[in-house]
Structures are given as structure tokens and as C-alpha cells.
Amino acid sequence: MQNPTSFLKKFNYFWKRSQFPEQGPIQISTIDKLIIFLICTVISIISSYKRLLVPNLEISDVFYWGVNFAEVLFICGFLILVSRKENPNINSRQILLITSLLLIVQLIKNIFGPGLSPLSIIVPPALIISQGMGTITALAWVSIASISWPDSIIDINSNLILITLICSGFVSVLGGRIRSRAQLLQLSIFVPIGAFVSQWVLIGNEETALVDNQDFFSLNGQIFSDSLLLAIIMLITILFIPIFESIFGLLTKARLLELADKEKPLIRRLSKEAPGTFEHTLLICGLAEEATRMIGGDIDLVKTGSLYHDIGKLHAPNWFIENQDGSNNPHDEIDDPFKSAEVLQAHVDEGLKFARKNRLPKPIANFIPEHQGTLKMGYFLHKAEEKKLKFNESDFRYKGPIPQSKETAILMLADGCEAALRAMNINASDYEALKTISKIVTSRQLDGQLDDSNLSKGEIFLIKKSFLNVWKRIRHRRIQYPTTKNNTFS
Ligand SMILES: [Fe+2]
Ligand SMILES: [Fe+2]
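Residues numbered from 1 in each chain as written. Chains lettered and ligands numbered in written order. Predicted model: local features only at pLDDT ≥ 70, side-chain atom pairs only at ≥ 80, totals over all residues.

**Some points on the overall build of the protein chain**
Condition: Helix numbers and strand numbers start at the N terminus; a helix is a DSSP run of H or I with at least 4 residues, a strand a run of E with at least 2. Residue burial is a threshold on neighbouring C-beta atoms within 10 Å of the residue's own C-beta, all placed from the backbone, with 20 or more meaning buried, 12 or fewer meaning exposed, and counts in between meaning partly exposed. In this description, any two residues whose backbone-derived C-beta atoms lie within 7 Å of each other are considered to be in contact.
Along the protein chain, the regular secondary structure elements total 21 helices and 0 strands. The buried share of the protein chain, taken over its 490 residues, is 36%. Put simply, of all contacts in the protein chain between residues at least 6 apart along the chain, 78% involve residues at least 24 apart.

This is how it looks when you write it as C-alpha cells:
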């Protein structure tokens, strides 16, 4: 009978494997940590120093200043924590952007006081953060910027604070989903109009009466000019978003869609110089997109990442099976498994070079090495075994890293399944196709390729099902290229 302790250990192991593995955020250098801490300290000082500027300073004033200072420092730390949780790949430049925006906002509050509408101060940065770092980070930023006022909040109309919170919350939620610059422009027109109407209803009518014409027009004139200022600042922000994208490495939805344009020079080159790879890429896009939709991942990211994943094959297109016409294979001519393995690894290294040259954002460039992970180059490893050559297994493995996100892991699985599904008989049943998909996915799992990807067992099941759905959809119009059982390398 099984020992209860080892049974519990096994149970614990399987339980942990079935849960979402935690992905650790990327490390930030000490100097960057120091700069971020300094910015947070300055934010805390400018948010709380006015508590010390009272006549006849007492010990209780110093105490309340200390509490206020610590409070702001704590919420800055909380903001960084939220942003790192939402974006495990967030870098120090992006954290610097979030904290610097908060610093600028607190400075503006100090300089202009209640004279400047909080709408114009808080809504535009919320748009930048939601576009570049997601809705949750933007919402956390908005709540901190709305709560922390250097001057007494009594000076500002409470309805105006409420309208600011609603408008910036609206911008944060929509900003994280907006997929084109045109929608951004619409947002920058409709939000100020909404702010104007709600201010007119909640503030304009509350403080003035129609009978008092002078007050009525001056207040509504101010509401109008505040909303106009908000519209102008939002439009300027939209103009500057591409600059923020390039300086801080932000990856907005609009940028992703621009990169996914098949008329981009690099993609055009792929379709001309490596048509087989281009076809393979398009099929993989379909597989990966469906699987990502099924598990609720980032569809735009996976679509764009798939387009560029094999861009490195441009360095030697005819060395890859999908670009060969079946007549001559350069691998047979050199007849050296080590050299062939180097050519395969080069499609990753050259791909990264193409990514750098074409300034592809890091989350897209990550698809290039991670889609191959540390997979075995089985075909050439067998060749080396057949030739009885001396080798280490690592000579015939890609250098990695293994997929670090769900999206790159899906691409790896789609990449493996595409060649096998393409090579399958046109009359194969759904059961046979699912068996093939499961075999490939399980082999990747057992090889430890999915260990850092955050994919749960349930999600892997859904991915397999979605691959089968795509296979069912495309099999009637698929094109078969010469792929035999043992040379489905990619
Ligand atoms: Fe590849
Ligand atoms: Fe590929």
C-alpha cells in the first residue's frame, strides 16, 4: 500500500501543477529602484508639506504631517505593486512614467490650486496609462490622484470631484480596450462633452439661478472653458502617445494593430522572399488567435506576435522545409547535423536582430525566441545519432527561453501543431486530428516548455479544442506541402 506521506506529497504536487503558476515580475536595477523611491518621496513631500505651514506649529501638526507623508508614500508603493501585478513585463521606464505623471499632477495641483479644473489634470494622464499599461493600473492611478490633494479638498466642489472620478474611470476602462487612433479621437470629444453636460446639471444649476443672469453665464462660461481645455489637453495627449510609445516602450492596442498590418515592409518581404513561411505564419495566426480568444488572453498581442515569430527565416529562406519545392534540400547537401542545427538556431538569433533593427516592441520580440523555447531539433538529433557522432543534447536544442506568457506558449503549441495538421491526410477524422494535437501538446508539456507560461490544465484543454475547431474550418481548403513524418522541423 502507498505511504500516506508520499500520497500527500504527490497530491500536493498535482494540486500545484493544476493551479495557475505565479509568474514573477521582471527585476528592476538598484539605481532605478532608488530613482523611483526618490520620486515617490518627493510626491509625498509636496502632497503633505502644507500641513507644516501653519502659524504656531504644534506637535500634533507634525504628527498629522508624518501620517499624511507615510500615507502618500504607501499608496505610491501600492500603485507600483498593482502595475507590476497587471503587467509582469513592466520595466523601470514604465514605472518611472507612472510615478512621474503622479509627480507632475501633484506639482500642478500645488501651483494652480483649485483654480484649475481637476478634470484637465487627471483625465489625460489616465488615458496614457490605460493605453500603455492597462485599465487596472490606470484606475489605481486615478484613485490616488483624485484622493491626494495638497490643499484642502473643501476648496473643490465635491460634485466636480465625482465627475472627475467618473470621467477618468470611463477613460481608464475604455482606454485599455480602444483599438484605433480614430476611437481615441472620439473619446477625446465625447468625454469633454459628457463632462460639460454633467457639470452643467450638477454644478451649474446648483449654484446659480436662471434669474441671476450674470452669475449663470459666468459660471457656465467657466464650465464650458474647463471642458474645452480638457478636450484640447486630451487631443494633445493623443498626439504625444506615439512619442510615449517609443520613449517608454509602451505597447498600445493601436500600435499593435499598426504592426499587424500586412503591408508593413518586413511582412511584405516575408511574403515575397519566404512565401512558404508566410503561409505558415498566416495559419498559425488563425490557430493562435482562436486559442487566445478561448482562454481570454490578449488577441491583438498574439496576432501581431505570430506575424513576426519566424521573421528570422528571411536570412536563409530556402533552408526551411516550407520554402523548398521538394527538389533540393541544402541540409542534405552539407550533410552536417551540427551546421543544420546552427541554421535553425539562427532563425531565432536573426529574428531578434530584425526585431531590433525594425524597433519592434519587446513583448512582440519575445515571441521570436519563446516560440521555440528550448525545444529539441529532433530531426537533426536523430541524424547525428544515425551518424554515431559525439554530441550533447544541448547542441540540438534551441537556446530559449521557454515561453514566459500564455500568449507565447500558445504560439509555441500552434507552431508545433500547424506542421503536423498540414501534413495530415485530408480525409483524417476529427478524432485523429485531436489525437495529433494532444500528442504534440503533451510532448511540449512533458519537456517542461510550458512551465513558466501560467497556463492551467483547463486552459491547455481549451487550446487543444480550439486548434481542432480551426482544423475543421480550414481542412477543406488547405494546401499540402512536402512534409514527411520525420522532418516537420520549423
Ligand atoms: Fe520558428
Ligand atoms: Fe513557425
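**Quick look at the environment of N454**
Within the element layout of this structure, N454 appears in the loop between α20 (430–446) and α21 (457–474). On the basis of neighbour count, N454 is assigned to the partly exposed category, with 19 C-beta atoms found within 10 Å. Measuring from C-alpha to C-alpha, the distance between N454 and A409 comes to 8.9 Å, with 45 residues separating the pair along the chain.

**Focus: the packing of helix α6 (residues 135–147) against helix α7 (residues 158–175)**
Our working rule: To obtain each axis, a line is fitted to C-alpha atoms, and for helices this fit is confined to the stretch in contact; angles are then taken between N-to-C directions over 0 to 180 degrees. In these notes the angle categories are as follows: under 35 degrees is roughly parallel, over 145 is roughly antiparallel, 65 to 115 is roughly perpendicular, and the rest is oblique. If you view the pair so one helix is near and one far, a crossing is left-handed when the near helix is turned anticlockwise from the far one by less than a right angle, and right-handed when it is turned clockwise. Polarity classes work like this: nonpolar for Ala, Val, Leu, Ile, Met, Phe, Trp, Tyr, Cys and Pro, charged for Asp, Glu, Lys and Arg, and polar for all others, with Gly in that last group.
Following both chains from N to C, one finds α6 and α7 inclined at 165°, their axes separated by 8 Å at the closest point. Judged by the inter-axis angle, α6 sits roughly antiparallel to α7. Our pair here, α6 against α7, has a crossing hand that is right-handed. Packed against α6, whose contacting residues are T135, A138, L139, V142 and S146, the element α7 presents I161, T164, L165, S168, G169, S172, V173 and G175 at the interface. By residue class, the composition of the contact of α6 with α7 is 6 nonpolar, 7 polar and no charged.

**Examining the nonpolar core**
Our working definition: Joined through C-beta atoms within 7 Å, a set of buried Ala, Val, Leu, Ile, Met, Phe, Trp, Tyr and Cys residues constitutes a nonpolar core.
Counting 48 residues, the largest nonpolar core has L287, A288, I410, A414 and F467 as the members making the most contacts within it. Top contributing element to this core by residue count: helix α19 (residues 406–423), with 8 residues. Sequence-distant contacts of I410, that is, excluding residues within four places in its chain, are made with A288, A291, T292, G297, V302 and I463. V72, L79, I98 and L127 belong to the second-largest nonpolar core, a separate cluster that totals 40 residues.

**Some words on helix α12 (residues 275–295)**
Definition in use: Here a helix's expected span is defined as the number of its residues, less one, multiplied by 1.5 Å.
With 21 residues, α12 ought to run about 30 Å at 1.5 Å a step, and its terminal C-alpha atoms sit 30 Å apart, in line with that. Where α12 ends, the next residue or the one after it, G296, has phi of about 75°, a positive value.

**Comments concerning the environment of I321**
Position of I321 relative to the elements: it lies in the loop between α13 (299–308) and α14 (330–334). According to the C-beta neighbour criterion, I321 is buried, with 22 such atoms within 10 Å. Each C-alpha atom of the pair I321 and G276 lies 8.3 Å from the other, and the pair is 45 residues apart in sequence.

**Topic: the packing of helix α2 (residues 30–48) against helix α4 (residues 92–112)**
As a packed pair, α2 and α4 sit with axes 10 Å apart at the nearest point and diverge in direction by 15°. In terms of their interaxial angle, α2 and α4 are classed as roughly parallel. For the crossing formed where α2 meets α4, the hand is left-handed. In this structure, α2 contributes D32, I35, I36, I39, C40, V42, I43, I46 and S47 to the contact, and α4 contributes S92, I95, L96, T99, S100, L102, L103, Q106, L107 and N110. Taken together, the residues of the contact of α2 with α4 sort by class into 12 nonpolar, 6 polar and 1 charged.

**Some words on the confidence of the model for the protein chain**
To be explicit about the condition: The predictor attaches a confidence to each residue, and that confidence, scored 0 to 100, is pLDDT.
Taken residue by residue, the protein chain gives an average pLDDT of 84. The fraction at 70 or more is 88%. For the stretch residues 17–24, pLDDT sits under 50, and the model shows 9 contacts to residues farther than four places along the chain or on other chains.

**Concerning unusual backbone geometry**
Of all residues except glycine, most have a negative phi; of all peptide bonds, most are trans. Of note, the amide linkage connecting G400 to P401 takes the cis form, showing an omega dihedral of 5°. Structurally, P401 is set in the loop between α18 (378–386) and α19. Positive phi is not limited to glycine here, since R359 has a value of about 50°. If you trace the backbone, R359 turns up in the loop between α15 (337–357) and α16 (362–365). You can call R359 exposed: it has 9 C-beta atoms within 10 Å. Of note in this structure, N454 is not a glycine but carries a positive phi near 75°.

**What to know about the environment of L102**
Position of L102 among the secondary structure elements: in helix α4. In the structure, L102 is positioned 62 residues away from C40 in sequence and 8.9 Å away in space, judged by C-alpha atoms. Apart from residues no more than four positions distant in its own chain, L102 is found in contact with I43, W141, I144 and A145.

**Re helix α5 (residues 118–133)**
Helix length check: α5, at 16 residues, gives a terminal C-alpha distance of 22 Å against a target of 22 Å (1.5 Å per residue), a fit within 8%. Here α5 lies mainly inside the structure; 16 of its 16 residues are buried. A positive phi of about 100° marks G134, the residue just after α5.

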